[in-house]
Amino acid sequence: MASDARSVTVITGRPLYTTQAPIAMLKDLDSGEILFSRGADKRFAPASMAKVMTAYVVLGLIKKGELARDKQFTVSEATWKKWKGGNGGSTMFLRPGEKVSVDDLLKGLITVSGNDAAAALAVGIDGSEATFIKRMNAVAAHIGMKSSNFGTPNGWPDGGVTKVSASDLITLADRLIRDHPAGYVRYFSMPKLQHGTSPDGKPIIQANRNPILGRVLGADGLKTGHTSEAGYCLLGSAKRDGRRLIMVVAGLPSEKARREEAERLMNWGFTVPMAASNSGKSKKAASGSGRAAPW
């Protein structure tokens, strides 16, 4: 493997891919082959990509029958004050005392990156964000996210407590898509969310933040992230002709740079031939769900 300030060549003979992203990784889900890797084991703040971990935990509880999609949680005054628009970053505009279903909270969590949605789910499920975070870390350890630690359910800056690696995020996306295929389809490619009412009485409609949806053929997930510490990041996936790729790009300087890099890396990945020796094994692996996690 050779690298410089711009590029990494992963396998001799494969088309060269160049990038200015300090962290980038691309995996073929079906074969398990890593098509591209740069800074994959470097720990960094994931920003709102942490919400994919929250979604994975919630979908696991639903799958085990311990939580119903139509279960309603009441938004507490404390949760509203902490995460309301203006001081809590991205929001689905929950109101104090509002009753919201788990289904709608998951939609707000992923589609519009609602920090308030993540907190409402955490408190509704475990009584506090702190207790839910312990659950997140237990599940992360169980599925092999060896470099990751979570200090919030939404990725809000927490003094460096929440850290992940691109390799771990790829593992998380891989498990989520395999373990919860119906949930993945339901929540990760919604083009927009309508929830709440503006002061003038009009419905609040927000577009999905994922920049590759509708731009990259076959793109259907997963989650953006951005803070001043993390830069602009994306955990993304796309499927074409039965082949699925998962990608991480992180540490980019702008929304434009993130969008262009993600689009370029994903499109490049689909030009790389599948490893013929893994094709039979891959189809079997892609249909499995792995062991149940203890949550």
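You'll find the structure just up there.
Cut-offs applied
Along each chain, the written sequence defines residue order, and numbers are assigned to residues from 1. pLDDT decides what is reported in this predicted model: residues at 70 or higher carry local features, side-chain atom pairs at 80 or more are listed and counted, and totals for whole chains, interfaces and linings draw on all residues regardless. To obtain the side-chain values, all non-hydrogen atoms of the structure were included, while hydrogens and water were left out. Throughout this description, buried means an accessible area under 20% of the type-specific maximum (1.4 Å probe, protein chains only), exposed means over 50%, and partly exposed covers the range between. Helix and strand definitions follow DSSP, with helices as H or I runs of at least four residues and strands as E runs of at least two, each counted in order from the N terminus. A pair of strands counts as paired when DSSP detects no fewer than two bridges linking them. Each axis is a line fitted through C-alpha atoms, taken for helices only over the stretch in contact, and angles between the N-to-C directions span 0 to 180 degrees. We call two residues in contact when some of their heavy atoms are within 4.5 Å. What we call a nonpolar core is a set of buried Ala, Val, Leu, Ile, Met, Phe, Trp, Tyr and Cys residues that are connected through their side-chain atoms within 4.5 Å.

**Q** Looking at this structure, how should I read the pairing of strand S9 (residues 203–207)?
**A** Consecutive residues of a regular strand have side chains that alternate between opposite faces of the sheet. Burial of the side chains of S9 is restricted to one face: Ile204 and Gln206 are buried, whereas none of Pro203, Ile205 and Ala207 on the reverse face is. Judged from the four bridges that link them, strand S8 (residues 192–197) and S9 form a sheet pairing that is antiparallel. Residue pairing for S9: Thr197 is matched across the bridge by Pro203. Hairpin remark: S8 followed by S9, antiparallel, with five residues in the connecting loop; positive phi at Gly201, about 90 degrees.

**Q** Could you clarify how one ought to interpret the sheet that holds strand S11 (residues 231–240) in this entry?
**A** What links the strands of a sheet is backbone hydrogen bonding, and the strands pair in either a parallel or an antiparallel sense. The five strands lie next to each other as S5-S4-S12-S11-S10, forming an open sheet whose pairing is antiparallel. Strand pairing shows two members of the sheet lacking a second neighbour, strand S5 (34–38) and strand S10 (219–227), which therefore form its edges. Here the average twist between neighbouring strands, direction ignored, is 5 degrees. As judged from the eight bridges shared by S10 and S11, these two strands associate in the antiparallel manner. Bridging across to S11, His226 finds its partner in Tyr232. Here helix H6 (residues 166–179) sits on the sheet and contacts strand S4 (23–28), S10, S11 and strand S12 (243–252); the angle it forms with S12, its principal contact strand, is near 145 degrees.

**Q** For this particular structure, what's the right way to read the side chain of Ser101?
**A** Positionally, Ser101 belongs in strand S7 (residues 99–101). By relative accessible area, which is 12% here, Ser101 ends up buried. Among all residues touching Ser101, those that are not within four sequence positions of it are Arg69, Asp70, Lys71 and Gln72.

**Q** Explain the nonpolar core here, please?
**A** In a soluble, globular protein the nonpolar side chains are often hidden away together inside. Among the nonpolar cores identified, the biggest contains 64 residues, and Met53, Val58, Leu105, Leu106, Phe188 and Leu235 are the most heavily contacted of them. Of the residues forming this core, the biggest block, nine residues, is contributed by helix H1 (residues 51–63). Among the nonpolar cores identified, the runner-up in size contains 22 residues, and Ala21, Ala262, Leu265 and Trp268 belong to it.

**Q** Looking at this structure, I do not really get the environment of Ala219. What am I missing?
**A** Residue placement: Ala219 occurs in strand S10. For the pair formed by Ala219 and Phe188, sequence separation is 31 residues and the distance between their alpha carbons is 9.9 Å. Residues within four places of Ala219 in sequence aside, it is in contact with Ile212, Leu213, Ser237 and Ala238.

**Q** Help me out: how do you make sense of unusual backbone geometry in this one?
**A** Residues other than glycine predominantly adopt negative phi, and peptide bonds predominantly adopt the trans conformation. Leu222 follows Gly221 through a cis peptide bond whose omega is 5 degrees. Relative to the helices and strands, Leu222 is located in strand S10. The phi angle at Ser113 is positive, at roughly 60 degrees, despite the residue not being glycine. Considering the arrangement of structural elements, one finds Ser113 in the loop between helix H3 (102–111) and helix H4 (115–126). For Asp241, which is not glycine, the phi torsion reads 50 degrees and is therefore positive. Since its relative accessible area comes to 84%, Asp241 is described here as exposed.

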